Amino acid sequence: VGFDHLEVSAASNTNISLDTQSYTFTKAGQLYQVLAKVSGGDGKTPAITTSDSSVVSVSFYKKDSRGYIYNIVAKKSGKATVTISNNGKSASMPVTVSLPETSITLDTKSYAFTKPGQLYQVLAKVSNGDGKVPTITSSNSAVAAVSFYKQDSRGYLYNITSKQTGTATITISNNGKSVSMPVTV
């Protein structure tokens, strides 16, 4: 008795479990490690994905005796679902990134120069920023030129130099927030 062909179909016996049901981040750059335990998998490292890579980044870290360890890093406020999958099966966990709002305050509301060629320094204090030096711009660089000077324990110090008679708006921005002050020469 011969067989023309033999079909064998085996249902996937893969099972994936995570050591965490959900997680909430409170700082940008914050790292959380999730452990995935896989039984009956295909022997390959399970893949990790995020539903929103602008909210969290995900990557494989290492395998140890407990299972597979993955890094999840907060990027910006929002929600995402992290999914680990292998051999047609997956396990997911919701993550929330809840960052405090960035705020910027200036030590000066407005400034009036008396003539061209003068220098004024404005101090910007940033709370919950992105860690980068806030940018400064002038709406009219022919009237007032601007540049970053230095950072110290009080905040960020900027130079404003009067160039010619007129008005300009100075704007300092960080992490999507801005604050402005008018200057006149």
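Above: the structure in question.
The text that follows walks through the structure, step by step, so that each part is easy to find. Because the structure is a prediction, the values reported are computed rather than measured.

Reading the values: the criteria
Residues numbered from 1 in each chain as written. Predicted model: local features only at pLDDT ≥ 70, side-chain atom pairs only at ≥ 80, totals over all residues. Heavy atoms only, no water. Phe/Tyr/Trp six-rings, centres within 6.5 Å; stacked < 30°, edge-to-face > 60°. Buried < 20%, exposed > 50% of the residue type's maximum accessible area, 1.4 Å probe, protein only. Helix = DSSP H or I, 4+ residues; strand = E, 2+ residues; numbered from the N terminus. Salt bridge = Lys/Arg side-chain N within 4 Å of Asp/Glu carboxyl O. Pairing = 2+ DSSP bridges. Axes fitted to C-alpha atoms, helices over the stretch in contact; angles between N-to-C directions.

**A closer look at the packing of aromatic side chains**
Next, step 1: Taken as a whole and assessed by the stated rule, the structure comprises eight aromatic pairs.
Next, step 2: Seen in terms of ring centroids, Tyr111 and Phe113 are 4.9 Å apart; in terms of plane orientation they differ by 80 degrees. Their pairing is edge-to-face.
Next, step 3: On the basis of relative accessibility, which here comes to 6%, the residue Phe113 falls in the buried class.
Next, step 4: Taking 3.9 Å as the distance between ring centres and 20 degrees as the angle between the ring planes, the aromatic pair formed by Tyr111 and Tyr120 counts as stacked.
Next, step 5: On the basis of relative accessible area, Tyr120 is assigned to the buried category, the value being 18%.
Next, step 6: Among the aromatic residues, those joined into a cluster by ring pairs are Tyr23, Phe25 and Tyr32.

**Section: unusual backbone geometry**
The phi angle of most residues is negative, glycine excepted, and most peptide bonds adopt the trans form.
Next, step 1: Residue Asn87 is not a glycine yet carries a positive backbone phi of 55 degrees.
Next, step 2: Tracing the chain through its elements places Asn87 in the loop between β7 (78-86) and β8 (89-97).
Next, step 3: Owing to a relative accessible area of 35%, Asn87 belongs among the partly exposed residues under this scheme.
Next, step 4: With a phi angle near 55 degrees, Asn175 is a residue other than glycine that sits in the positive phi range.
Next, step 5: Secondary-structure assignment places Asn175 in the loop between β15 (167-174) and β16 (177-184).

**Overview of the pattern of salt bridges**
Next, step 1: The full count for this structure, using the stated rule, is three salt bridges.
Next, step 2: For Arg66, the salt bridge goes to Asp64, with nearest N and O atoms at 2.9 Å.
Next, step 3: Classification of Asp64 by relative accessible area gives partly exposed; the value is 23%.
Next, step 4: Here Asp152 makes a salt bridge to Arg154, at a shortest N to O gap of 2.9 Å.
Next, step 5: For Asp152, a relative accessible area of 24% gives the class partly exposed.

**Considering the sheet that holds β7**
Next, step 1: The four strands lie next to each other as β2-β8-β7-β4, forming an open sheet whose pairing is mixed. Each end of this open sheet is capped by a strand with a single partner; those strands are β2 (23-25) and β4 (47-50). Sheet twist, expressed as the mean angle between neighbouring strand axes with direction ignored, is 25 degrees.
Next, step 2: When β7 meets β8, the two strands line up antiparallel, connected through nine bridges. Pairing of Thr81 across the sheet is with Pro94, part of β8.

**Section: the pairing of strand β13 (residues 144-152)**
Next, step 1: Bridge count for β13 against strand β14 (residues 155-162) is eight bridges, and the pairing is antiparallel. Bridging across to β14, Ala144 finds its partner in Ser162.
Next, step 2: From the end of β13 to the start of β14, which pair antiparallel, there are two residues.

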